[in-house]
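Notes for the structure review
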Amino acid sequence: MAGRLADRLADRLARSLRRRAVPDLLSLSLPAAIGLFAASAAVIAIAGVVMANTADRLADRTGLGEAITGGVLLGASTSLSGFVTSVSTAAQGHPDLALGNAVGGITAQTFFLAIADIVYRRANLEHAAASITNLMQGVLLIALLSLPIGATLMPPWQVLGVHPLTLVVVVAYVAGVRLASQAGRDPLWGPKETSETMLDTPDEAVGGRRTLTILILRFLLLVAVVGLAGYTIGQAGLVISSETGMAEGLVGALLTAVSTSLPELVTTIAAVRRGALTLAVGGIIGGNTFDVLLVAASDAAYREGSIYHQVSSLPIFILAMTIVMTAVLLLGLLRREKYGIANIGFESVLLIVIYFLGTGYLVWVN
């Protein structure tokens with residue numbers, strides 16, 4: 001019964017999209033699609049700057065702390081554009097672009113931490129932003145990334161219209177975030193403080209209810225803008241793939257993924273410049289963890305069976321590459337090298353090398 005209801009809702013959504021917006025966008029010429037793609041990416045980047053400032057102030061005023069706010073509030077909201085891109089394209093029957101966008105965004109955002117480390121010149125970013133919550137989120141991310149790979153090796157079972165491991169991803173995410181939050185509130189061990197350690201301390205007193213309401217409304221407005229831009233990016237990506245002959249998975253992994261991940265890059269750089277280092281790292285790791293839910297949502301939106309059994313090997317390769325990159329990042333957060341090559345940590349150097357070698361290989365084979 002629930003599976004049939006999900007099918008009817010998905011069919012209704014697809015018909016509504018086709019009737020209203022999709023025909024107009026999918027009928028764009030290649031130059032128009034590229035222009036729309038670039039304009040949407042610019043909107044996402046600009047909105048991300050304001051979103052970083054607002055999230056940092058919300059972290060201080062609500063008392064949630066930068067790691068949890070960065071990992072959940074900022075991470076989820078800046079991932080919204082990618083979420084809309086993956087779900088809308090999966091509902092239209094394009095599994096490679098949907099899943100390529102979801103997992104490609106995680107890879108790009110991990111790479112963005114290396115860029116943020118270059119921007120932060122005082123010391124290695126992973127040394128200064130010491131947080132047990134970020135470590136917990138990173139371990140959770142590796143576990144979640146392993147589940148879709150396992151799903152591809154299992155039979156194409158479905159429960160409530162989705163693969164069973166899709167349900168496990170959602171449950172594991174909720175449980176893992178709760179565990180990370182508890183560890184942050186009552187840690188049994190913590191990082192050693194050094195002269196370069198930037199502690200998570202509020203930089204303003206808790207304000208009144210009116211100010212908090214304004215911050216929340218501003219944040220929700222930015223979320224809506226980013227979500228709309230994410231939808232247009234996905235539709236423009238379909239046109240670009242169709243007109244140029246590029247594989248949909250490659251368009252998703254490199255073009256739409258990087259474009260919809262611009263909020264993470266912009267908010268991370270902005271947070272680093274504001275001195276909110278824990279928020280910067282937490283926003284990336286938490287955003288990556290949330291982005292695994294894009295895979296689950298794509299499976300739910302794709303109505304032609306298990307999405308894990310309809311995609312090419314490209315998204316699976318990216319998943320494996322991202323697990324390696326996340327492990328390298330965790331090693332850097334644990335080792336906390338104070339100064340390294342060009343004043344960045346060994347983990348940032350490795351992230352840059354792995355990202356360019358991996359994406360270069362994808363371009364070469366596709």
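The model shown is predicted, which means the values in this text are computed figures rather than measured ones.

1. Details of the overall build of the chain
For the chain, the helix and strand inventory stands at 15 helices and zero strands. Pairs at least 24 apart in sequence give 86% of the contacts found in the chain among residues at least 6 apart. Of the roughly 15,200 Å² of accessible surface on the chain, 68% is carried by carbon and sulfur atoms.

2. So, the confidence of the model for the chain
Counting all residues, the mean pLDDT for the chain is 78, and 75% of those residues have values of 70 or more. Mean pLDDT values for the elements of the chain range from 50 in helix α1 (residues 2–20) up to 90 in helix α15 (residues 346–365). When the criterion is pLDDT under 50, residues 17–23 qualifies, and its contacts beyond four places in sequence or with other chains add up to eight contacts.

3. Re helix α13 (residues 277–301)
If you check α13, its first and last C-alpha atoms are 36 Å apart, about what 25 residues at 1.5 Å a residue would give, namely 36 Å. Extensive coverage of α13 is indicated by the burial of 24 of its 25 residues.

4. Observations regarding empty space enclosed by the protein
Tallied over the entire structure, the rule returns three cavities of 30 Å³ or more. Here the largest cavity defines a volume of roughly 60 Å³. Around the largest cavity, the lining comprises twelve residues; the ones closest to its centre are Gly82, Gln109, Thr260, Ser261 and Asp291. Secondary-structure elements contributing two or more residues to the lining of the largest cavity are α6 (95–119) and α13. Element by element, the count of residues in the lining of the largest cavity is highest for α6, at four residues. Among the residues making up the lining of the largest cavity, the classes are represented as two nonpolar, eight polar and two charged. Here the second largest cavity defines a volume of roughly 50 Å³.

5. Observations regarding the packing of aromatic side chains
In total, this model carries eight aromatic pairs according to the counting rule given. Ring geometry for Tyr361 and Trp364: centres 6.4 Å apart, planes at 55 degrees, overall tilted. Of this pair, Tyr361 and Trp364 both sit in helix α15, three residues apart, which is roughly one turn of that helix. Taken together, the ring pairs connect Phe111, Phe112, Tyr355 and Phe356 into an aromatic cluster.

6. Quick notes on the packing of helix α11 (residues 248–260) against helix α12 (residues 262–274)
For the pair α11 and α12, interaxial distance at closest approach is 4 Å and the crossing angle is 40 degrees. Relative to α12, the element α11 lies oblique. Facing Val258, Ser259 and Thr260 of α11, the residues of α12 in contact are Leu262, Pro263 and Glu264. Tallied by class, residues from the contact of α11 with α12 come to three nonpolar, two polar and one charged.

7. Digging into the environment of Val223
Within the secondary structure, Val223 is located in helix α10 (residues 209–244). For Val223, a relative accessible area of 18% corresponds to the buried category.

8. Focus: the nonpolar core
Phe112, Leu262, Val272, Met325 and Leu333 are the most contacted members of the largest nonpolar core, which has 40 residues in total. The set of elements that each furnish at least two residues to this core consists of α3 (30–62), α6, α10, α12, α13, α14 (313–335) and α15.

9. What to know about the side chain of Asp291
Here Asp291 shows up in helix α13. What Asp291 contacts, discounting residues up to four positions off in sequence, is Ser79, Ala102, Gly105, Ile106 and Gln109.

10. Details of the environment of Ile285
Tracing the chain through its elements places Ile285 in helix α13. Overall, Ile285 belongs to the buried group, its relative accessible area being 3%. Leave out the neighbours within four places in its chain, and Ile285 touches Asn134, Gln137, Gly138, Leu329 and Leu333.

11. A look at a nonpolar patch on the surface
Together, Phe317, Tyr361, Trp364 and Val365 line one region of the surface with nonpolar side chains, adding up to about 450 Å² of accessible area. Examining the composition of the nonpolar patch, we find that three residues originate from one element, α15, more than from any other. Given a relative accessible area of 32%, Phe317 falls into the partly exposed group.

Quick notes on the rules
- Residues numbered from 1 in each chain as written.
- Predicted model: local features only at pLDDT ≥ 70, side-chain atom pairs only at ≥ 80, totals over all residues.
- Heavy atoms only, no water.
- Helix = DSSP H or I, 4+ residues; strand = E, 2+ residues; numbered from the N terminus.
- Contact = heavy atoms within 4.5 Å.
- Areas by Shrake-Rupley, 256 points an atom, 1.4 Å probe, with all protein chains shown as cover.
- pLDDT = per-residue confidence, 0-100.
- Expected span 1.5 Å × (residues − 1).
- Buried < 20%, exposed > 50% of the residue type's maximum accessible area, 1.4 Å probe, protein only.
- 1 Å grid on protein atoms, 1.4 Å probe; cavity = no way out; pocket = protein on both sides within 12 Å on 5 of 7 lines; lining within 4 Å.
- Points joined across faces, edges and corners; volume = space filled by probe spheres on them.
- Nonpolar A, V, L, I, M, F, W, Y, C, P; charged D, E, K, R; others polar.
- Phe/Tyr/Trp six-rings, centres within 6.5 Å; stacked < 30°, edge-to-face > 60°.
- Axes fitted to C-alpha atoms, helices over the stretch in contact; angles between N-to-C directions.
- Parallel < 35°, antiparallel > 145°, perpendicular 65-115°, else oblique.
- Core = buried A, V, L, I, M, F, W, Y, C linked by side-chain atoms within 4.5 Å.
- Patch = residues over 30% accessible without salt bridge, like charges linked within 9 Å, V, L, I, M, F, W, Y side chains within 5 Å.
- Salt bridge = Lys/Arg side-chain N within 4 Å of Asp/Glu carboxyl O.

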